Amino acid sequence: MKRPLRSPGRLVALVAVVFWSLFPVYWALKTSLSTNAAAQQAPAQLFVTHPTGVSYQALFGAGPESADAAGGIARSLINIVVETTGATVLTLAIAVLAGYAFARLRFRLKSVIFYAVIATLTLPVYATLIPLYRIMSDVGLVNTYIGIIFVYTSGFVPLALWIMYNVFIALPASLEEAARIDGATTMQTFHRVVLPTARPGIAATAIITFLFGWGQFIFPLVLSSTSSTEPLTVLLAAIDSRNVPYTIINAAAIVAVAIPAVVVFFLNRWIVTGITAGAVK
Amino acid sequence: MTVTDAAAGEGYGPDPAAPARARRPRRDGALPYVMIAPLVVFIGALAIYPTVLTVIEAFMHIDPLTGPNHFAGFGNFSAIFRDPEVRQAIVNTGWYALFGVALTVGFGTGIALLLQRPFRGRGVVLAIIVLPWALPGVVEGVIWSWIYNPTFGVLNSALKSLHLIGQYQLFIGAHQVETILLIALVQAWQITPLAALIVLAALEAIPGELYEAASVDGASWHRTIRRVTLPLIRPALAIATVEALIMSLNIFDQVYVLNANSTTASSLMSTTYFITFQDLNFGEGYALSLMATVVTVAIAIGVVKLLYRKVDYQ
C-alpha cells in the first residue's frame, strides 16, 4: 500500500509542515553555533559558515563570557533530570498499581473513586497553584526535590492512570485466568503475567510523563526557584531576561531541547500510541 | 524496574480458596485498597484538597504577613473586577482562546488530512511533526522571541527580503492584538501536533468502504470531506477543540517569556501569577483562580456537549 507521494500539492504541503515544525529549532541551533557578529547580521544568514562552540563553553563555565551567562546551568540540568525522573517513576508506580485494581479487581466505591480521580484531569493549573504553594510552605517542602516531585506526581497521575487503565482493560483476561487456575495469587499474576504483557503501555505512559515533567515551568517557578532545585526551564527564563548574548541564550535553549528531541526521534512510536490512548476514548 | 519491585513488595498472602472462587462473583478483600491507597493519598492531598482550599480562600481576606484570615464575602471578586489589569487580562485571554483554537484545530486537522493516506517516509514525518509538542513551552518562548527580535530577527529579515515590510519592526509589544496573535502562534506551534494526532486517529478509524462508496457515487474530494469525513471525525474535533481551549485559557509560559509583566498581552494566568506571587495579594489571586477554574471547566463541558455525539458508521 505504501507508495511515494504523487500529487505535487500534497508534497508542497508536506514540505511546508516539516519546515514549520523544524525551522524554529534549526534556527536556535544555528544561532547557538554562530559568533555574536554572525548571529546579528542583516539580512540573516541561513547557514553557519564557521560553526563555533564558544556559546556552549560559556554556558558551562568556560571562556570569557561565562560569569554572567552560566549561573548554574549544570546544576539546573541535574535538577531537571532528578525531578523529572523521580516524578516519572513515582507516577508510574502509583498509576500501574491503581490502574490494575480499577481494571480487574472488585471493591467498594470503585467507580466513585475512579471518576473522582479522572475528573481532576479537567482542573486547570489555577485550581491548585496557590494552595499547593501554601501547603508546601507549611510542610517545609518548598525548594526541595521531594516537594516538586510530589506536586508533579499529583498532576501527572490522572492521565497516567487513564492510559494504564485502558491498557489493562485491553489485555486478554484469559492469561490471568490461566495463571489463577494454576494457583497463582492475584499479586503473583499481576507481577508475572500482567506486568510483562503491559510493558508497551507502561513504556508509552512513562515516556509521556517524562516529557510532561521536562516541560514544567509555572510550578517550579513558584515551588523551586532557588539554584539548588530550580530546573533548566526556570533557569532558561531567567537567563533570557538577563542581558546575555543571544548566541548563549539559544545555546541554553538547545540544551533544553536536546533530551526531548532524542526521545521524540527514537521513541516516537510510543508517544503517538500514548497520546492517542490518552485523548480519544 | 521500580514498578515491579513496588508491586512485589506487598500483597502476597495465603489464598487457599483461589480455584473455587473462580466462578462466583468475588470481592478481592483488602488488596485493591492497598493498590489504590497511594493514588487516593496523592490526589486527595495534592489535587482535591487544594481545589477545595481555592474555593474557600477566594472568599477570605488573606494577609500573609499580619495573620488571621477573615471572611470577606465577594470582596476579592469585586476588587479583581475593579482592577483594570485584570479586565485587560480577561479580554486578552479571550483573544488567546480564539486564536489558539482556530490555529491549533485548523492546522491540526489539515496536517491529519495530509497524513491520512500511507506514503513512504510517513513515520519520519510524524516524528518531525510531534517534536514541537515535546518541547517545554519556555524553550519555545525563548526560541521564538529570537525569531521575532526587532533588530536581528529572522522574521524581520525574511519579510524585508520579500518586500513585505520596508524596514525592521517591533512585533511583540507594539500592538495588543498583533502581539497576542504572535504569542498564540508560538503556543499553537506547540499544541498543534496533539490536535493532529487526535484527528488522525479518528480518520484512521473511518472504514475504507465509505470512501469507496463516495467515489463510486462520483463525489468530489471537497464533497467527500464535507459529507463523509467531517461528520465522522466530529467527536475528535470536539476533543481537539476542548484541549486547545483549555490550554489557551491557561497560557502562561509563552506569555511569561515573550510579554513578561507588561499588560499589552497579559493572560489571566500571568496576571494571577504576578498578583499573587509578586504583589503578594493572595485573596485576589485566589478569586481570580476560582473564576478562571469555573470558566474553564464550564466552557469545556459546554463545547463537549455541543460537538460531541457518538459516531455510528452505519
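The rules behind the values
Residues numbered from 1 in each chain as written. Chains lettered and ligands numbered in written order. Predicted model: local features only at pLDDT ≥ 70, side-chain atom pairs only at ≥ 80, totals over all residues. Helix = DSSP H or I, 4+ residues; strand = E, 2+ residues; numbered from the N terminus. Contact = placed C-beta atoms within 7 Å. Expected span 1.5 Å × (residues − 1). Bend = angle between axes of the 7 residues up to and from the residue. Buried ≥ 20, exposed ≤ 12 C-beta atoms within 10 Å, placed from the backbone. Nonpolar A, V, L, I, M, F, W, Y, C, P; charged D, E, K, R; others polar. pLDDT = per-residue confidence, 0-100. Axes fitted to C-alpha atoms, helices over the stretch in contact; angles between N-to-C directions. Left-handed = near helix turned anticlockwise from the far one by under 90°.

J.: Any chance you could break down the overall build of chain A for me, citing the residues and the numbers?
T.: Within chain A, the secondary structure is distributed over 14 helices and 0 strands. Written out in order from the N terminus, the α and β elements of chain A read α-α-α-α-α-α-α-α-α-α-α-α-α-α. The contacts in chain A between residues at least 6 apart in sequence include a share of 74% that link residues at least 24 apart.

J.: Explain helix α7 (residues 125–138) of chain A to me, using residue names and the numbers behind them.
T.: At 3.6 residues per turn, the α-helix brings residues three or four places apart onto the same side. All names here are of chain A. With 14 residues, α7 extends 20 Å from end C-alpha to end C-alpha; this agrees with the ideal 20 Å at 1.5 Å per step. The largest bend along α7 reaches roughly 25° and is located at Pro131. In terms of residue burial, α7 counts as a mostly covered element, since 11 of its 14 residues are buried. Listing the buried residues of α7 in full gives Val125, Tyr126, Ala127, Thr128, Leu129, Ile130, Pro131, Leu132, Tyr133, Ile135 and Met136.

J.: If you had to explain the interface of chain A and chain B to someone new, which residues and values would you point to?
T.: Taken together, the 93 residues of chain A in the interface contact 90 residues of chain B. Looking at which element gives the most residues to the side of chain A that touches chain B, the answer is helix α14 (residues 246–279) of chain A, with 17 residues. In terms of residue class, the side of chain A that touches chain B is made up of 70 nonpolar, 17 polar and 6 charged.

J.: Hey, could you go over unusual backbone geometry for me, with residue numbers and the actual values?
T.: The phi dihedral of A:Asn143 is positive, around 60°, even though this residue is not glycine. For A:Asn143, the position within the fold is in the loop between α7 and α8 (145–170). Even without a glycine there, the phi angle at B:Leu280 is positive, about 55°. Classification of B:Leu280 by C-beta neighbours within 10 Å gives exposed; the count is 12.

J.: Go over the confidence of the model for chain B, please, and point to the residues and values.
T.: Here chain B averages 85 in pLDDT, while 87% of its residues score no lower than 70. The complex model carries a pTM of 0.88, and its ipTM stands at 0.90.

J.: Break down helix α13 (residues 232–241) of chain A for me, citing the residues and quoting the values.
T.: The element α13(A) is largely enclosed, with a buried count of 8 among its 10 residues. For α13(A), the full list of buried residues reads A:Leu232, A:Thr233, A:Val234, A:Leu235, A:Leu236, A:Ala237, A:Ile239 and A:Asp240.

J.: A description of the packing of helix α5 (residues 84–115) of chain B against helix α12 (residues 234–249) of chain B should follow, citing residues and the corresponding values.
T.: Residues and elements named next belong to chain B. It is at 8 Å that the axes of α5 and α12 come closest, and there the two elements cross at 145°. As α5 packs across α12, the resulting crossing turns out to be right-handed. Facing α5, whose interface residues are Thr93, Tyr96, Ala97, Gly100, Val101, Thr104, Val105 and Gly108, α12 presents Leu237, Ala240, Thr241, Ala244, Leu245, Met247, Ser248 and Leu249. Tallied by class, the residues present in the contact of α5 with α12 amount to 10 nonpolar, 6 polar and no charged.

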